[in-house]
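Structural description and commentary
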Protein chains: 4
Amino acid sequence: MKKVRIGVVGLGRLGYRHAENIANITRHAELSAVCSIDDQELAIARKELDVRHCYNDFQTMLDQCELDAVAIVSSSDQHAPQTLHALEKGLHVFCEKPTGISHEECKAVEQAVNNYPHLVYMPGFMRRYDPSYAYAKKKIDEGYIGKPILFRGYSVDPESSIEGALKYAASSAGQFLDMAVHDIDLARWFLGAEPRSVYAIGGCFAHPEYEQYGDGDNVAALMQFDNSSMAFFLAGRTAPHGYNVETEIIGTKATLRIAAVPQKNMVELIDPTGVRQECSQTFQERFQEAFVNEMQEFVDCIREGRKPEITAGDGTMSTFIAELATKSFKQNELIKIEN
Amino acid sequence: MKKVRIGVVGLGRLGYRHAENIANITRHAELSAVCSIDDQELAIARKELDVRHCYNDFQTMLDQCELDAVAIVSSSDQHAPQTLHALEKGLHVFCEKPTGISHEECKAVEQAVNNYPHLVYMPGFMRRYDPSYAYAKKKIDEGYIGKPILFRGYSVDPESSIEGALKYAASSAGQFLDMAVHDIDLARWFLGAEPRSVYAIGGCFAHPEYEQYGDGDNVAALMQFDNSSMAFFLAGRTAPHGYNVETEIIGTKATLRIAAVPQKNMVELIDPTGVRQECSQTFQERFQEAFVNEMQEFVDCIREGRKPEITAGDGTMSTFIAELATKSFKQNELIKIEN
Amino acid sequence: MKKVRIGVVGLGRLGYRHAENIANITRHAELSAVCSIDDQELAIARKELDVRHCYNDFQTMLDQCELDAVAIVSSSDQHAPQTLHALEKGLHVFCEKPTGISHEECKAVEQAVNNYPHLVYMPGFMRRYDPSYAYAKKKIDEGYIGKPILFRGYSVDPESSIEGALKYAASSAGQFLDMAVHDIDLARWFLGAEPRSVYAIGGCFAHPEYEQYGDGDNVAALMQFDNSSMAFFLAGRTAPHGYNVETEIIGTKATLRIAAVPQKNMVELIDPTGVRQECSQTFQERFQEAFVNEMQEFVDCIREGRKPEITAGDGTMSTFIAELATKSFKQNELIKIEN
Amino acid sequence: MKKVRIGVVGLGRLGYRHAENIANITRHAELSAVCSIDDQELAIARKELDVRHCYNDFQTMLDQCELDAVAIVSSSDQHAPQTLHALEKGLHVFCEKPTGISHEECKAVEQAVNNYPHLVYMPGFMRRYDPSYAYAKKKIDEGYIGKPILFRGYSVDPESSIEGALKYAASSAGQFLDMAVHDIDLARWFLGAEPRSVYAIGGCFAHPEYEQYGDGDNVAALMQFDNSSMAFFLAGRTAPHGYNVETEIIGTKATLRIAAVPQKNMVELIDPTGVRQECSQTFQERFQEAFVNEMQEFVDCIREGRKPEITAGDGTMSTFIAELATKSFKQNELIKIEN
């Protein structure tokens, strides 16, 4: 069977990483085209990734290039329109989170995906494809932890990358949509349920700049799910030690923790500061394997005519919950969700 | 200077431990009398601790025995009346938590304590005297963590002790007052602030017996404090691995975790299950040193004519907050606290 | 620049892994041919790796197929003759350890490599390309540990794979050559010196079968190096917990430990056994990234016209030292090495 | 039964610690007298420990004071003569290691102890009474580790205390007798066997001052025991992180590690250096509980008319083995031990 020809739109840090993986690592895949509004990004991709077809415009790429699939890694507001456009063109779609910038847009994508049942649509919640998270899920499904009681998820970017984060703060949808949404997806996945109440709080502890956007540099939420299980989320921008994505699932029979120490590698350093492990500093460093695995799953689904476990509906739901958390935080009110 | 003569009332697991420490370890202290309604407990104390004066009645002990101080470790409903009585008799008082079974009772104790400024009154929040918690507090006070962002406290009793816990469930004031109150005290101590909003949830995940008391076997609360800092609490009865008291304080510059692994000792076991540490199974095992240190502090305060850092007001406030959490959980409502 | 065409000889567990990496992951490389005496292995490679040219005979592969390089992963006794043959044919050579089955054979390979200075020769000591070991080396070179005092290296295969190990025991060169040789290479690399005395001991603790080969199921050696630094080695077959490759380098200013817990992933499991991490079970699981990196380095060296840091001489020296340790163990004598 | 009246000779860091424990913590014991050639030490003990009988001379203490037992914590050369003297006076004897400064002296003590079978003699190898070591021993005795393969013991004093160590270097018996002797005792205890070969090496890596005494600042030894089990020892003076006493026992079924991280307490610190634990800095900090427990065992043995597990013979044997390691190191030769 021939290789799956993929066009990547968006060549920022994450887009380039996806393009690179498709070009070099993903089996049975071919990086056929890239699209960016930034000519310099295109030039680098052409040179480093040896990709022949480079475009400034998504529609042109779709019109001119023979593709089987697209990977949408553009700015969030383009996710939904580009998804709809690609589906119409009969292309399989991998789309980074969020699937749309509002609950309504997400719903529209979900509807379109349903209209093209022969096409593969996969939202990019890469954590599910990280070996440690996948292992945790397997243990939970096997009953190892018993009945789930509490999900705890921290997603805190390193203080060392605050400058970039602040530049992006104005156009960001806030910490819950930007950061906690991954944990919300994991909570739903691990707990096997949907939230029925949400209370969120937060503040600016180191960076008052976030106040003008009605955001905090650290925010937290407590949710109860419809099987009574609970979830606690912390999202922020001030981790002193590195890229802090830490997860815990407490059950009646056992507890699982993933990356409680977000260790950079297997080296332990012993010196006058004590005994320590250094930490991962970026999502690329922490989740390299997850990005590779999720793209492979996308390609394998296309080749094998099956659908990924994660759906457009998951994308909608996580966005919806993150929006409720944002609202709860801004209004300092408890939100109850009707089913 | 002569030894401080102490009478202990209550000889349950914790009471006996205090009596034993006073008899054997506390410097400049003497176990002068013990009081219990259980004759067998008295017989054991007489034999093992070599204590001469044994009483069935608190008042009789105070009338007949020459004491400088009492340690009140009786059932919670006796704490306030016995405290008031001892203060009236001119005795220094160490009293296990809670200082009273309601906010009002706590307030009455606080008032009485203020009326006897020459007497030492010390509520038994032993965690503050644990070397690890004391070290964490020292680091926080030195500015090591920067501005505190989030306090996280777990207090989960081992599943292996559930039988005893269930027997006691009817007379218990619920998980927040019974278990989380220690974390509430720690949160106030570490964050240096008081809560302004409380939302609490919970459920019966393994032991439906708790439902009849309007309680859960695991409960959680999220609070925002008046300096914007946040606190998350988990209290429960189902820890599979042991006596799980784990604490984290996240700050802008550093994070501290205490007993993230509630290790029994310094032995690491490596076998086909992996590389592991076994866990403490009881509060006595975990906090032996803390109990010794707090009683020493009580005695030292008496001898040196000074007051302990922890006050009757701390007891009142922690009870008050735990009551609010209980109310929020029972009514599934957000509670805002006026100042 | 065109891809480096590689033929792989030997399709056992490790050979297949190299072939797979070349086919799927190594950049700028092409799996052009495979060679095995086992037709079934060839059939699998043809199907799974889509390799067109399959051979039963190494010489035939070299005669019939257009190759730039070979990766020699055949049985140890073939390493030297196949290396010499390939070099004569003008091919770059990657060869798994050992570079020869005796000190003399290793020396012959070293001589041949020197005779073809335009060809890349790389012995397969993959640990140097593992991110954790590479990081440790970098820290050492930067002076972080000060002056090295002691290298400690454990290489113990899991008890669970003992059956395979026992089958192979007769033709094995013994634990020092088979297992400890990797640690010997690391010790030389980290300590920057050569040993001047060797004392080795060992025994059969679980598997008396090794006695007939004059070997132990666990052996140990202590060496002093010519800069006074020391090295301790443990090699064996009975690790209860998994694939136990653990390394420590103690210096005057700091100590580094690599994989003291040979953790399988970043999941921590908490249950009645305690708090634990599960362990890697195979070298493939532990060193997957190292195998990928070393093959990439081989290909990059070829393309960039440079030589890898590791040399044929390193292969000779490690074999020589492992032979001395074997001799010391068999004779129960201290061996001093003249320089 | 009345209290055991103990006289302590030697009030250095360790002697004072023992005196303090006897005065304050040891049950059924009384600090009846102290003896030191340093008047200032006596003055401090009189004031802080409230001890009435203070002496400059051991013999005078024995003549003038009513004692049941002595604790000998004087300089090593006094251990044997004071032990013999006390036994003659009919006193029970606790004596810090070494039991004598030579194999011969140890033997003489052993002989004397045998001559007074009604008296308790206990050499101070406190590690056996540390809860973690005691737990490890229990697990080994229960068969948890299977057959022991390798004992590894590190005893490295912190670099921060090097000044004191250097002052004491001239009169020290060298690292093996001074530091490793505790590990030698543990190895014999855990392995249940005696060594049959010893090879030792070492060097001055940071402190050339040790060379003049024929010693190293770090030394190591490899031994094979008469049940084929192996032991590796490292002793030194340059631990950058603290008081590094770390032990591992590898068996066929499981491995135990004690204090692989010599953690100061249960606090984990997370900051830009990574995730770390701080370390104990002194033997008093690490082994406080062990010192308390061993003195309690001494007193309990006296009261209960039984003998401690550890014997004068253990003291002799550990000294003997440490002497052989010292000899092997100085002569760079393998030493085989006839049985």
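Residues numbered from 1 in each chain as written. Chains lettered and ligands numbered in written order. Predicted model: local features only at pLDDT ≥ 70, side-chain atom pairs only at ≥ 80, totals over all residues. Heavy atoms only, no water.

Moving on, we come to the overall build of chain A. From N to C terminus, chain A includes ten helices and 15 strands. Its C-alpha atoms give chain A a radius of gyration of 20 Å, within 12% of the compact-globule value 20 Å for 339 residues. Out of the 339 residues in chain A, the part that is buried amounts to 66%. Pairs at least 24 apart in sequence give 72% of the contacts found in chain A among residues at least 6 apart. With an accessible surface of roughly 12,200 Å², chain A has 47% of that area assigned to carbon and sulfur atoms. Positive and negative side-chain charges in chain A, numbering 34 and 48 respectively, have mean positions lying 5 Å apart. (Helix = DSSP H or I, 4+ residues; strand = E, 2+ residues; numbered from the N terminus. Rg over C-alpha atoms; globule rule 2.2 N^0.38 Å. Buried < 20%, exposed > 50% of the residue type's maximum accessible area, 1.4 Å probe, protein only. Contact = heavy atoms within 4.5 Å. Areas by Shrake-Rupley, 256 points an atom, 1.4 Å probe, with all protein chains shown as cover. Lys, Arg positive; Asp, Glu negative; His and termini not counted. Charge placed at Lys NZ, Arg CZ, Asp CG, Glu CD.)

Under the criterion given, the structure shown has five cavities of 30 Å³ or more. Its volume calculated, the largest cavity comes out at about 1,000 Å³. Around the largest cavity sit 47 residues that line it, and A:Q277, B:Q277, C:E268, C:Q277 and D:E268 are the ones nearest its centre. Secondary-structure elements contributing two or more residues to the lining of the largest cavity are β14 (274–277) of chain A, β13 (267–271) and β14 (274–277) of chain B, β13 (267–271) and β14 (274–277) of chain C together with β13 (267–271) and β14 (274–277) of chain D. Across the lining of the largest cavity, the residue classes break down as 23 nonpolar, eight polar and 16 charged. (1 Å grid on protein atoms, 1.4 Å probe; cavity = no way out; pocket = protein on both sides within 12 Å on 5 of 7 lines; lining within 4 Å. Points joined across faces, edges and corners; volume = space filled by probe spheres on them. Nonpolar A, V, L, I, M, F, W, Y, C, P; charged D, E, K, R; others polar.)

The subject of this paragraph is the relation of the copies chain B and chain D. If you rotate chain B by 180° and push it 0.0 Å along the axis, it lands on chain D with an RMSD of 0.1 Å. Accordingly, the operation relating the two chain copies is best matched by a two-fold axis. Every residue of chain B has its C-alpha some distance from the rotation axis, and the shortest such distance is that of B:I25, at 2.6 Å. When the interface residues of chain B are mapped onto chain D, 100% of them again lie at the interface, so the same face is used by both copies. (Least-squares fit on C-alpha atoms with pLDDT ≥ 70 in both.)

Along the chain, D:E246 turns up in strand β11 (residues 244–251). The class of D:E246 is buried, set by a relative accessible area of 1%. A distance of 3.2 Å separates a polar atom in the side chain of D:E246 from a polar atom in the side chain of C:R257. A polar side-chain atom of D:E246 sits 3.2 Å from a polar atom in the side chain of D:R152. Residues within four places of D:E246 in sequence aside, it is in contact with C:E248, C:R257, D:R152, D:G153, D:Y154, D:I258, D:A259 and D:A260. (Polar contact = N/O pair within 3.5 Å; in protein donor to acceptor, adjacent residues only side chain to side chain.)

Further remarks concern the packing of aromatic side chains. All chains considered together, the criterion is met by 40 aromatic pairs over all chains. Aromatic pair C:Y243 and C:F287: ring centres 6.1 Å apart, planes at 90°, arrangement edge-to-face. With C:Y243 in the loop between β10 (230–239) and β11 (244–251) and C:F287 in helix α9 (residues 283–304), this residue pair connects regions lying 44 residues apart in the sequence. C:F287 carries the same exposure label as C:Y243, and that label is buried. The ring of B:Y144 carries B:K139 above its face, with NZ or CZ at 4.5 Å from the centroid. If you follow D:R152 out to its NZ or CZ, it ends over the ring of D:Y154, 4.7 Å from the centre. (Phe/Tyr/Trp six-rings, centres within 6.5 Å; stacked < 30°, edge-to-face > 60°. Lys NZ or Arg CZ within 6 Å of the ring centre and 35° of its normal.)

With 31 residues of chain B at the contact, the number on the chain D side is 31 residues. Together, the buried faces of chain B and chain D total about 2,700 Å²; carbon and sulfur atoms form 52% of this surface. In this assembly, chain B and chain D are joined by two salt bridges. With a closest N to O distance of 2.8 Å, B:R257 and D:E268 form a salt bridge. Along the contact surface separating chain B from chain D lie 15 residue pairs in polar contact (both at pLDDT 80 or more). (Buried area = accessible area lost by both parts, 1.4 Å probe. Salt bridge = Lys/Arg side-chain N within 4 Å of Asp/Glu carboxyl O.)

Residues and elements named next belong to chain B. Overall, parallel pairing links the six strands, which are arranged β3-β2-β1-β4-β5-β6 in an open sheet. The sheet is open, and its two borders are formed by β3 (53–55) and β6 (121–124), each paired with just one other strand. Pairs of neighbouring strands in the sheet enclose a mean axial angle of 20°, with direction left out of account. (Pairing = 2+ DSSP bridges. Axes fitted to C-alpha atoms, helices over the stretch in contact; angles between N-to-C directions.)

Turning our attention to the relation of the copies chain D and chain C. After a rotation of 180° and a shift along the axis of 0.0 Å, chain D superposes on chain C with an RMSD of 0.1 Å. A high fraction, 100%, of the interface residues of chain D reappear at the interface in chain C, so the copies pair face to face through one surface.

What follows covers unusual backbone geometry. The residue after A:K97, namely A:P98, is reached through a cis peptide bond having omega 0°. Although it is not a glycine, B:H28 adopts a positive phi angle of roughly 60°. Residue position: B:H28 is located in the loop between α1 (13–24) and β2 (29–35). A residue is classified by how much of its surface remains accessible, and B:H28, at 37% relative accessible area, is partly exposed.

So, on to helix α7 (residues 162–169) of chain C. An α-helix turns once every 3.6 residues. As a result, residues three or four positions apart point the same way. Residue and element names in this part refer to chain C. If you check which residues of α7 are buried, you get I162, A165 and A169. Buried positions in α7, seen along its axis, are confined to an arc of 60° and lie on one side of it. Seen from the open side of α7, the exposed residues pointing more than 90 degrees away from its buried face are E163 and K167. Next to the buried residues of α7 lie β7 (148–158) and β10. (Arc of directions from axis to C-beta.)

So, about the side chain of C:Q82. Its place among the elements puts C:Q82 in helix α4 (residues 76–88). With near-sequence residues (within four places) excluded, C:Q82 lies in contact with C:V9, C:F58, C:I72 and C:S74.

With that settled, consider the sheet that holds strand β4 (residues 69–72) of chain A. In any sheet, the strands associate via hydrogen bonds between backbone groups, in a parallel or an antiparallel arrangement. Residues and elements named next belong to chain A. Taking strand neighbours across the sheet as the criterion, the six strands line up as β3-β2-β1-β4-β5-β6 in an open arrangement whose pairing is parallel. Edge strands, defined here as strands with exactly one partner in the open sheet, are β3 (53–55) and β6 (121–124). Strand-to-strand twist of the sheet, defined as the mean angle between neighbouring strand axes without regard to direction, takes the value 20°. The pairing of strand β1 (residues 4–9) with strand β2 (residues 29–35) spans six bridges and is parallel. Residue pairing for β2: V9 is matched across the bridge by C35.

We now examine the interface of chain D and chain C. Taken together, the 42 residues of chain D in the interface contact 42 residues of chain C. Together, D:Y199, D:F205 and D:L222 form the three largest contributors to the area buried by chain D at its contact with chain C, with a combined 20%. A salt bridge links C:E333 to D:K336, with the shortest nitrogen-to-oxygen separation between them at 3.0 Å. Inspection of the chain D/chain C interface yields 16 residue pairs in polar contact (both at pLDDT 80 or more). Secondary-structure elements contributing two or more residues to the side of chain D that touches chain C are β7 (148–158), β8 (195–203), β9 (218–225), β10 (230–239) and β11 of chain D. It is β9(D) that contributes the most residues to the side of chain D that touches chain C, seven residues altogether. Of the residues assigned to the side of chain D that touches chain C, the class counts are 23 nonpolar, eleven polar and eight charged.

Here the focus is the pattern of salt bridges. Residue and element names in this part refer to chain C. Evaluation of the coordinates by the stated rule reveals 115 salt bridges over all chains. When the shortest N-O distance is used, the salt bridge between D130 and R286 registers 3.0 Å. Separated by 156 residues along the polypeptide, D130 in the loop between β6 (121–124) and α6 (131–141) and R286 in helix α9 bring together distant segments of the chain. Comparing D130 with R286, the two get one shared label, buried.

By themselves these figures say nothing about function.
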